[in-house]
Amino acid sequence: METESEPYVRLATLRQLHQVVAELNTARSLADTLQSVADGAIAGLGYELSAVNLVRPDGDLVVAAVAGSAGAEALMAGRVGSRSSWDRRLSMGERWGDLCFIPYTEGWVLDDDDVPQWHTAGPAPRFPDEWHPMDRLFAPMYAAANGGGELLGVISVDRPRNGRRPGAWGQEALQMYAFQAAIAISNARLRANMQRALVRLEREQQALRASEESFRQAFEYAPSGMAVAEMGGDQHGRLLRTNDALCRLLGRPASAMRRYSFSDLVHPEDIGTLLRTSAEGGRAELRLARRDGTYVWVSLRNSVVADTADGPRFLLTHVEDIEERKRHELQLAHRASHDSLTGLPNSAELRARLGARLCSRPPGSEADAYASSATVAADPGDPHAFRADGKEPFGGGSVGYDHHVHTVAPPEGAEDDGSKGLAVLFCDLDGFKSINDRFGHHTGDAVLIEVARRLTSGVRDGDTVARLGGDEFVVLADGLGTADAQDLAVRLRNAIIPPIRVDGRAVRVGASFGIGWASCGMTAEEVLASADQRMYVEKRSRSKANRRAG
């Protein structure tokens, strides 16, 4: 039966718990919080010795704080006990709710394990609930109440001041304290993580310092653009603050920048990249609009500044001008796909463009006939039906057929039946080698440059003129019939024939053209080989004297 003074004892204990829990939540760092947990077990729960064992990232537990004994602190602080040894301890003894009590009669088996401990021998208890120096009492701290969630650590206590094992009320008080300590440690860890994140931001941006003034100076005078944008709410993405470098880069005053968000300034093709970067943080390369309507390539490096209570609040963005690097990358890509002398697409680019128009299925094959039969039978009112021209379905929906438009060669024969196709004109210069031999490579290069210019001037905007190598050129012209291709070859030959002046000297070259036709079922190499063979047939059909323009 409860004694008359026990309610007052409980009330006093609750007051002490309230005070020590309040101190837990005022600690400024994780280390201070852990020490406050150890101190609170002594000040608020009536124990003479306590230790806080914290779970490390590798799962083992380290003694992070000790209170009540300088000798115990010197012996135990910083030492590590394996997770397996702790799991063994927490599975032994008596369960007092979430607490684990191991009496001295059972705990002797733990004397030689690797868990740091501070115990002294003593006489046997004189009465049943007397505390023995070798008794062990552990209060696990979990991420959720009632033993739920991950294990954060264990509070171990020893030497109750009244010399007795805790009763039901003492056990309940220790469980309540362990739960509040787990909350305080979780909050302290979260604060510590936020502080580390802020430190990383300070290093990356070279702007954030210990005080607002140092941050302001680093932000305002940074050599590259910086901006702070709002996250969440109706004003999500709105620029709250921009530095002078960003205003100069975009040609806009700071007052005008505050009316925009980056989504208002980004190139339409880059909006998806911006949204992903804004949501996740990280880096992106995209284009932003200047005041004059042009776009500049920039590298955005976003850092989300989070609030532990409300979630992400601000986006700190570093904007670096990479226009020159992008221009250099485009130049490198152009050099890789274009001839350095004439500026025309090179052999690799020619094959890539030609290969993009071809597929491995010849027109009229069984699979193609099946698709064609489905096309003819399709109802234009059906949103999933094919068009008669073999292009997208009428409704633009996704269907199980190939939408590739086949490239078909006009039928061979003397008559032009009006069929159109992709003509491949293979051009080989006549007499070029003699010019190289007589006047040198400088003159030969000038001739090649002029021939490239004349060929380019003689074709349509959508046609391709490529230099295959040496004095060989190839023209890709789509939508031509047989007669059209022959007329084009004549026009281009006549364009090449006129004299070319180099260093005050007039030289002339001729040209032989072979006309091939691209068709699905052929490879790019096969198409070029066919045009090449026809060129040699055409070259041999004319006398050597007639090949040269003079």
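As a starting point, this report considers the structure included with it.

About the cut-offs
Residues numbered from 1 in each chain as written. Predicted model: local features only at pLDDT ≥ 70, side-chain atom pairs only at ≥ 80, totals over all residues. Heavy atoms only, no water. Helix = DSSP H or I, 4+ residues; strand = E, 2+ residues; numbered from the N terminus. Buried < 20%, exposed > 50% of the residue type's maximum accessible area, 1.4 Å probe, protein only. Contact = heavy atoms within 4.5 Å. Areas by Shrake-Rupley, 256 points an atom, 1.4 Å probe, with all protein chains shown as cover. Polar contact = N/O pair within 3.5 Å; in protein donor to acceptor, adjacent residues only side chain to side chain. Arc of directions from axis to C-beta. Salt bridge = Lys/Arg side-chain N within 4 Å of Asp/Glu carboxyl O. Pairing = 2+ DSSP bridges. Axes fitted to C-alpha atoms, helices over the stretch in contact; angles between N-to-C directions. Core = buried A, V, L, I, M, F, W, Y, C linked by side-chain atoms within 4.5 Å. Parallel < 35°, antiparallel > 145°, perpendicular 65-115°, else oblique. Nonpolar A, V, L, I, M, F, W, Y, C, P; charged D, E, K, R; others polar. Phe/Tyr/Trp six-rings, centres within 6.5 Å; stacked < 30°, edge-to-face > 60°. Lys NZ or Arg CZ within 6 Å of the ring centre and 35° of its normal.

Right, let's talk about the overall build of the chain for a bit. The secondary structure content of the chain amounts to 19 helices and 18 strands. Per-residue burial over the chain gives 43% buried out of 550 residues. Look at the contacts in the chain between residues 6 or more apart in sequence, and 57% of them connect residues 24 or more apart. With an accessible surface of roughly 28,600 Å², the chain has 51% of that area assigned to carbon and sulfur atoms.

In this fold, Glu 150 is placed in the loop between strand E6 (136–142) and strand E7 (151–160). The class for Glu 150 is exposed, based on a relative accessible area of 55%. Separated by 95 residues in the primary sequence, Glu 150 and Val 55 place their C-alpha atoms 9.8 Å from one another.

Bringing unusual backbone geometry into the picture now. The backbone of Arg 159 sits at a positive phi, close to 60°, despite the residue not being glycine. With respect to the element layout, Arg 159 can be found in strand E7. Of note in this structure, Asp 503 is not a glycine but carries a positive phi near 55°. Along the chain, the position of Asp 503 falls in the loop between strand E16 (500–502) and strand E17 (505–507).

Here we come to the side chain of Asp 113. Within the fold, Asp 113 resides in the loop between helix H5 (104–107) and E6. A polar side-chain atom of Asp 113 sits 3.1 Å from a polar atom in the side chain of Arg 89. Polar side-chain contacts of Asp 113 include one of 3.3 Å to the backbone nitrogen of Val 115.

We now examine helix H4 (residues 83–90). Along H4, the residues classified as buried are Ser 85, Trp 86, Arg 89 and Leu 90. Across the axial projection of H4, the buried residues extend over an arc of 130°, all falling on one side.

This part is about the pattern of salt bridges. Taken as a whole and judged by the stated rule, the model has 30 salt bridges. Asp 129 is paired through a salt bridge with Arg 164; the nearest N and O atoms lie 2.8 Å apart. Taken together, the residues Asp 129 in the loop between H5 and E6 and Arg 164 in the loop between E7 and helix H6 (168–205) connect sequence positions 35 residues apart. Assessed through its relative accessible area of 31%, Asp 129 is described here as partly exposed. Owing to a relative accessible area of 36%, Arg 164 belongs among the partly exposed residues under this scheme. Note that Arg 353 and Glu 349 form a salt bridge whose closest N and O atoms lie 2.9 Å from each other. Of this pair, Arg 353 and Glu 349 both sit in helix H13 (residues 347–356), four residues apart, which is roughly one turn of that helix. When its relative accessible area of 33% is taken as the criterion, Arg 353 is described as partly exposed. Salt bridges sharing partners connect three or more residues here, namely Glu 285, Arg 325, Lys 326 and Glu 329.

A separate point is the sheet that holds strand E5 (residues 99–102). Here seven strands make up an open sheet; going across it, the order is E3-E2-E1-E7-E6-E5-E4 and the pairing antiparallel. Edge strands, defined here as strands with exactly one partner in the open sheet, are strand E3 (80–81) and strand E4 (94–96). Pairing of strand E1 (residues 47–55) with E7, which is carried by seven bridges, proceeds in the antiparallel orientation. Note on E7: the bridge partner recorded for Tyr 47 is Pro 160. Across the sheet, helix H2 (residues 30–45) lies against E1, strand E2 (61–67) and E7, angled at about 150° from E1, the strand it touches most.

The next thing to look at is the nonpolar core. Counting 34 residues, the largest nonpolar core has Val 37, Leu 45, Leu 137, Met 141, Ile 155, Leu 174 and Tyr 177 as its most contacted members. Looking at this core, the elements that each hand over two or more residues are helix H1 (6–24), H2, E1, E2, E5, E6, E7 and H6. Once residues lying within four places of it in the same chain are set aside, the contact partners of Tyr 177 are Leu 17, Val 20, Val 21, Leu 24, Ser 36, Val 37, Gly 40, Ala 41, Leu 45 and Ile 155.

A word on the packing of H13 against helix H18 (residues 524–541). The relative placement of two packed helices comes down to the angle between their axes together with the axis-to-axis distance. Taken N-terminus to C-terminus, the directions of H13 and H18 make an angle of 110°; their axes are 9 Å apart at the nearest point. Considered as vectors, H13 and H18 are oriented roughly perpendicular to each other. From H13, Leu 350, Arg 351, Leu 354 and Gly 355 reach across to H18, where they touch Ala 524, Glu 525, Val 527 and Leu 528. Partitioning the contact of H13 with H18 into residue classes produces five nonpolar, one polar and two charged.

Moving on, we come to the packing of aromatic side chains. The tally for this structure, following the rule as stated, stands at three aromatic pairs. With centroids separated by 5.9 Å and ring planes inclined at 55°, the aromatic side chains of Phe 101 and Trp 131 adopt a geometry described as tilted. Residue Phe 101 is located in strand E5, and its partner Trp 131 is located in the loop between H5 and E6; the two are separated by 30 residues in the primary sequence. Aromatic ring contacts, followed pair by pair, group Trp 96, Phe 101 and Trp 131 into a single cluster. Between the NZ or CZ atom of Arg 252 and the centre of the ring of Tyr 260, over which it lies, the distance is 5.1 Å. Stacked on the ring of Trp 297, the Lys or Arg Lys 326 has its end atom at 4.4 Å from the ring centre.

A word on the pairing of strand E15 (residues 472–480). Within E15, seven of the nine residues are buried, which leaves the element mostly enclosed by the surrounding structure. Pairing of strand E13 (residues 421–430) with E15, which is carried by seven bridges, proceeds in the antiparallel orientation. Within E15, the position partnered with Gly 421 by the bridge is Leu 480. The antiparallel pairing of strand E14 (residues 464–469) with E15 creates a hairpin that spans two residues between the two strands, and Gly 470 there sits at a positive phi of about 60°.

Attention now moves to the sheet that holds E15. Ordered by their spatial adjacency, four strands build an open sheet running E14-E15-E13-E18, and the pairing between neighbours is antiparallel. The open sheet terminates on both sides in strands that have one partner only, identified here as E14 and strand E18 (510–518). Neighbour-to-neighbour, the strand axes of the sheet open up by a mean angle of 25°, direction not taken into account. Where E14 lies against E15, five bridges are found, and the strand directions are antiparallel. Residue pairing across strands places Thr 464 opposite Leu 476, the latter belonging to E15. Those strands touched by H13 are E13, E14, E15 and E18, and its axis lies near 130° from that of E14. Across the face of the sheet, helix H17 (residues 482–496) comes into contact with E13, E15 and E18 while running at roughly 155° to E18.

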